[in-house]
Amino acid sequence: MNVSSSRSVLPTAAAVVTVGLWASAFVAIRAAGDAYSPGALALGRMLAGSVALGALCLVRREGWPPRAAWRGILISGVLWFGFYMVVLNWGERQVDAGTAALVVNVGPLLIALLGARLLGDPVPPRLLAGMAVSFAGAVVVGLSMSSGSGGSPVLGVVLCLLAAVAYAGGVVSQKPALGSASALQVTTFGCLVGAVCCLPFAGRLVTEASHASLPATLDMVYLGVFPTALAFTTWAYALARTTASRMGATTYAVPALVVLLSWLVLDEVPGPLTLVGGVLCLTGVAVSRSRARLVRAGAAAGPEGEPAVEPVAERRP
């Protein structure tokens with residue numbers, strides 16, 4: 001494989017790893033949620049992720065991030081690794097999984113808007129079209145999975161909407177930090193910031209861990225090591241090589257994979273409408289990324305598009 005192909009394939013592979021692991025997180029959260037409250041689960045997840053990432057940093061001899069990266073690390077750590085984790089766990093207790101997935105999937109649209117406004121990301125027509133198709137698929141999946149039950153539907157929707165806003169803000173603030181720090185540095189210290197934000201739940205975590213079953217605790221550790229430590233690092237690696245808008249659109253594959261994993265792992269057989277929604281999600285992701293393939297095939301970029309994997313130095317201010 002030549003250098004050009006490697007630059008193209010590796011970020012795409014990293015995005016695929018991220019999407020797959022984030023989809024598995026929904027299953028693990030559901031399994032651990034009976035034993036751990038939202039704040040305790042978020043703290044346990046961040047602590048497990050911080051330990052795994054810290055060990056990897058020591059092995060790779062990664063130092064402290066440069067000063068220029070700290071603003072983005074701190075903001076993304078507070079919004080995405082801290083606030084988002086707690087309110088999403090809380091929101092999913094108030095509404096069914098379908099409603100939660102539907103509301104949180106406003107996030108990629110917000111990323112596109114914020115990315116265009118704050119980062120100068122181009123938003124070509126194919127990206128907008130792909131996001132529209134994927135969002136329609138997320139709506140179909142959400143409606144098909146909605147049971148109408150929940151502790152407090154209004155509160156749950158508000159919490160999931162706050163999670164979507166925090167997710168978008170975290171991604172957009174993380175992007176500039178990747179211009180001066182490595183993906184591992186940005187992820188490690190962002191996770192540490194998130195753990196610090198969740199420390200008020202430390203007492204509850206200790207209490208609940210003493211009564212939780214071993215499988216529930218292992219699910220929490222899994223969330224920290226794989227969907228957090230590994231998936232957020234591969235996400236940052238891919239984000240450093242493309243735009244926030246395009247990466248946000250890629251996450252629309254998550255609902256389709258959640259449906260598949262719930263079928264395989266939890267034996268929750270999806271209905272026809274759910275399958276249609278999943279296909280729409282994947283189709284939208286393919287459409288949103290198709291422009292880059294056409295550009296590379298033609299060896300020249302059109303005025304409306306951009307490469308899916310762009311030279312990082314050319315994008316950074």
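Before reading on, note that the structure itself is shown above.
Below is a short write-up of the structure. (Residues numbered from 1 in each chain as written. Predicted model: local features only at pLDDT ≥ 70, side-chain atom pairs only at ≥ 80, totals over all residues. Heavy atoms only, no water.)

With respect to the packing of aromatic side chains
In step 1: Per the counting criterion, the structure on display carries 13 aromatic pairs.
In step 2: Ring centres of Trp-22 and Trp-235 lie 5.1 Å apart, and the angle between their planes is 35°; this geometry places the pair in the tilted category. With Trp-22 in helix H1 (residues 3-32) and Trp-235 in helix H10 (residues 214-239), this pair connects stretches of sequence that are 213 residues apart. By the burial criterion, Trp-22 is buried, and Trp-235 matches it.
In step 3: Consider the rings of Tyr-84 and Tyr-167, whose centres lie 6.1 Å apart with planes at 45°: the pair is tilted. (Phe/Tyr/Trp six-rings, centres within 6.5 Å; stacked < 30°, edge-to-face > 60°. Helix = DSSP H or I, 4+ residues; strand = E, 2+ residues; numbered from the N terminus. Buried < 20%, exposed > 50% of the residue type's maximum accessible area, 1.4 Å probe, protein only.)

Describing the environment of Gln-174
In step 1: Mapped onto the fold, Gln-174 is located in helix H7 (residues 153-177).
In step 2: It is 7.6 Å that separates the C-alpha atoms of Gln-174 and Val-186, two residues lying 12 residues apart in sequence.
In step 3: Not counting the four nearest positions on each side in its chain, Gln-174 is found in contact with Gly-72, Ser-76, Trp-80, Phe-81, Val-186, Trp-235 and Leu-239. (Contact = heavy atoms within 4.5 Å.)

Details of unusual backbone geometry
In step 1: The phi torsion at Arg-61 lies on the positive side, around 55°, for a residue other than glycine.
In step 2: With respect to the helices and strands, Arg-61 occurs in the loop between helix H2 (38-60) and helix H3 (67-94).
In step 3: According to the relative accessible area criterion, Arg-61 is exposed, its value standing at 77%.

Thoughts on the side chain of Thr-187
In step 1: If you trace the backbone, Thr-187 turns up in helix H8 (residues 183-197).
In step 2: With a relative accessible area of 0%, Thr-187 lands in the buried category.
In step 3: Within the structure, the side chain of Thr-187 is placed 3.3 Å from the backbone oxygen of Phe-232, a separation counted as a polar contact.
In step 4: Setting aside residues up to four positions removed in sequence, Thr-187 forms contacts with Leu-53, Phe-81, Thr-228, Ala-229, Phe-232, Thr-233 and Ala-236. (Polar contact = N/O pair within 3.5 Å; in protein donor to acceptor, adjacent residues only side chain to side chain.)

Function cannot be read off these values alone, since they describe shape.
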